[in-house]
Amino acid sequence: YDGTVRAHDLHRYRNFRTYTTPTPCQFTSLAVDPSGEVIVAGTMDPFHIYTWSMQSGKLLDILTGHVGPVSELTFHPTRGTLASASWDGTVKIWDLYKREGEPESIRHAQDVVCVSFRPDGKEMCTGTIGGLLSVWNVEDCSLICEIDGKKDIAGGRKMNDRMTSDSNASSRYFTSVCYSADGSCVLAGGNSKYICIYEVSQQILVKKFQVSFNRSLDGILDQLNSKLLGDGGPIDVNDASGDEADFSSNIPGAKRGDDGTRKSKVEVLTSQVAFSSTGREWAAVSNEGLHVYSLDDDMIFDPIALTEEITPGAVQSNLRDGKHSTALLISLHLNEFALVQQVLEETPYGSIPHVVKTIGPEHLERLMQYISKCMTGSPHLEFYMQWCLHLLRTHGNNMEKNRSSYMRAFRSMHRSVQIHHDELKRISNDNRYTLDFMQDQTQITLYRN
């Protein structure tokens, strides 16, 4: 709220760059493009969107067109386009690199407070203050479907509400929305004690979670205590009562009777929700802090199969005897990363297909996770690619039948392969340009001679 955007270095714990505007203004939204080169921020007044270069800190452009505060900004996952949601009831699609003509505008019946792209960039979900989630086709900006979440997010009675939580759905709406990793579901949270997950194609509520049970927050209880309600509304709970003694104490050194306590409760709300890249976890930020929900219950040891014979010494002994399959199974039971990595890298290249065939379904997901982790920082790319190839060839049918169980590990493995692919592609392109340059220089030299 100080009119600046600050970039922090998480390794050195310092603010290395500050972005400002020509005239002071209050920012309400912020986004960074997928490449990390461009920063955009929306304002409360004068309803502009400011664009900076991350590296130089220079103000590149000012996007104008909204007639209300810019509530949220988000970049397209693969293109250089930006979606901006505003209280003026529109979502505008900006092309930051072409800027030809006016931006595409999607009009809503009410103020828009949140927007999010699907991971593949083909769909976009928006939320309004009416509790309505709208799904749009990004290509032609056509409406695909609408999900009315007003009744789903309603719940919890505030101190000043004149009606019960069942019939009071006003001021309940989603302020943050995001897609799951596969794009089939939408996670939405807002100024309510509930977070909802919807299936997009069927427009149905899959499940809703209550983020807090803290009774000191406003909006947690569905029914207020009747003794605190009068004909004109709720009675001030801080008023002195003749039937009850006042046990409040003054602050030491204070001369007045007020001890500084709150006269109103903090309202329960969710400010941000996000899915993990694997689709197995999601997180939410609320008054209570950061909440992380997961489908997996990771364990350090496997107590069912852990016996006296399963020890680190047994792993080393089997490796010396050339029993790589047995050594790998024991290391997976122990679930120690250093041991599993040692067994994987000491397994001969030609023995990988035979070792993979000895792995059962109960250890497959864990082995895939370890291979992904080892491959991320290892120079032995072809070696680990061989592991991945034979895992898919041997256990591909089982993974397809139980894809929900292996999706997290498969995504981790795919991400590790994609990182190495991008790095090799960049190096290969640099080498190709260098070779082309050397070839051209050689031709010029021969031509001159």
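That block above? That's the structure.
The structure displayed is predicted, hence computed values, not measured ones.

As a further point, take the sheet that holds strand β16 (residues 185-190). If you walk across this open sheet you meet the 4 strands as β15-β16-β17-β18, and the pairing is antiparallel. The open sheet has two edge strands with one neighbour each: β15 (174-179) and β18 (204-210). In this sheet, adjacent strand axes meet at a mean angle of 20 degrees when their direction is disregarded. Looking at chain direction, β15 and β16 are connected through 5 bridges and run antiparallel. In the strand pairing of β16, C178 is matched with L187.

A separate point is unusual backbone geometry. A cis amide bond links D45 to the next residue, P46, at an omega of 25 degrees. Here P46 is to be found in the loop between β4 (38-43) and β5 (49-53). Non-glycine residue C141 carries a positive phi angle of around 55 degrees. Assignment of secondary structure puts C141 in the loop between β13 (132-137) and β14 (143-148). By relative accessible area, which is 16% here, C141 ends up buried.

Within the structure shown, the criterion is met by 8 salt bridges. In this structure, the salt-bridge partner of R12 is D9, at a minimum N-O distance of 3.0 Å. Owing to a relative accessible area of 15%, D9 belongs among the buried residues under this scheme. Notably, a salt bridge pairs E123 with R118, separated by 3.1 Å at the nearest N-O pair. The residues E123 and R118 share a single accessibility class, namely buried. A cluster of three or more residues bridged by salt bridges with shared partners is formed by R118, D120 and E123.

Membership of the largest hydrophobic core comes to 33 residues, with the highest contact counts inside it found for L328, L344 and W387. The set of elements that each furnish at least two residues to this core consists of α2 (312-320), α3 (324-334), α4 (337-346), α5 (352-357), α6 (361-376), α7 (381-401) and α8 (403-448). Looking at this core, the element that brings in the most residues is α6, giving 7 residues. Excluding residues that lie within four positions of it along the chain, W387 makes contacts with L328, L344, T347, I352, V355, V356 and I371. In this structure, V113, C114, C125 and V177 belong to the second largest nonpolar core, which totals 16 residues.

Think of a pair of aromatic rings as described by two things: how far the centres are apart, and how the planes are tilted against each other in angle. Under the defined criterion, the tally for this structure stands at 10 aromatic pairs. Each ring, one from F27 and one from W52, has its centre 5.9 Å from the other, and the planes form 75 degrees; the classification is edge-to-face. Of this pair, F27 sits in strand β3 (residues 27-32) while W52 sits in strand β5, placing them 25 residues apart in sequence. Residue F27 is classed as buried on the basis of its relative accessible area of 14%. Exposure remark for W52: the relative accessible area of 0% places this residue in the buried category. Ring geometry for F174 and Y198: centres 6.2 Å apart, planes at 85 degrees, overall edge-to-face.

Below, the discussion takes up the side chain of T128. Residue placement: T128 occurs in strand β12 (residues 123-128). On the basis of relative accessibility, which here comes to 4%, the residue T128 falls in the buried class. Not counting chain neighbours up to four residues away, the residues in contact with T128 comprise H108, Q110, D111, V112, V113 and Y173.

Considering the arrangement of structural elements, one finds S212 in the loop between β18 and β19 (229-230). When its relative accessible area of 3% is taken as the criterion, S212 is described as buried. One polar contact links the side chain of S212 to the main-chain amide nitrogen of N214, over a distance of 3.1 Å.

Spatial strand order, β3-β4-β5-β6: 4 strands in an open sheet with antiparallel pairing. Where the open sheet ends on each side, the last strands, each with one partner, are β3 and β6 (59-63). Going across the sheet, the axis of each strand differs from the next one's by a mean of 20 degrees, ignoring polarity. Sheet topology places β3 next to β4; 5 bridges connect them, and they run antiparallel. The residue bridging S29 from the neighbouring strand is G42, located in β4.

Rules of the game
- Residues numbered from 1 in each chain as written.
- Predicted model: local features only at pLDDT ≥ 70, side-chain atom pairs only at ≥ 80, totals over all residues.
- Heavy atoms only, no water.
- Pairing = 2+ DSSP bridges.
- Helix = DSSP H or I, 4+ residues; strand = E, 2+ residues; numbered from the N terminus.
- Axes fitted to C-alpha atoms, helices over the stretch in contact; angles between N-to-C directions.
- Buried < 20%, exposed > 50% of the residue type's maximum accessible area, 1.4 Å probe, protein only.
- Salt bridge = Lys/Arg side-chain N within 4 Å of Asp/Glu carboxyl O.
- Core = buried A, V, L, I, M, F, W, Y, C linked by side-chain atoms within 4.5 Å.
- Contact = heavy atoms within 4.5 Å.
- Phe/Tyr/Trp six-rings, centres within 6.5 Å; stacked < 30°, edge-to-face > 60°.
- Polar contact = N/O pair within 3.5 Å; in protein donor to acceptor, adjacent residues only side chain to side chain.

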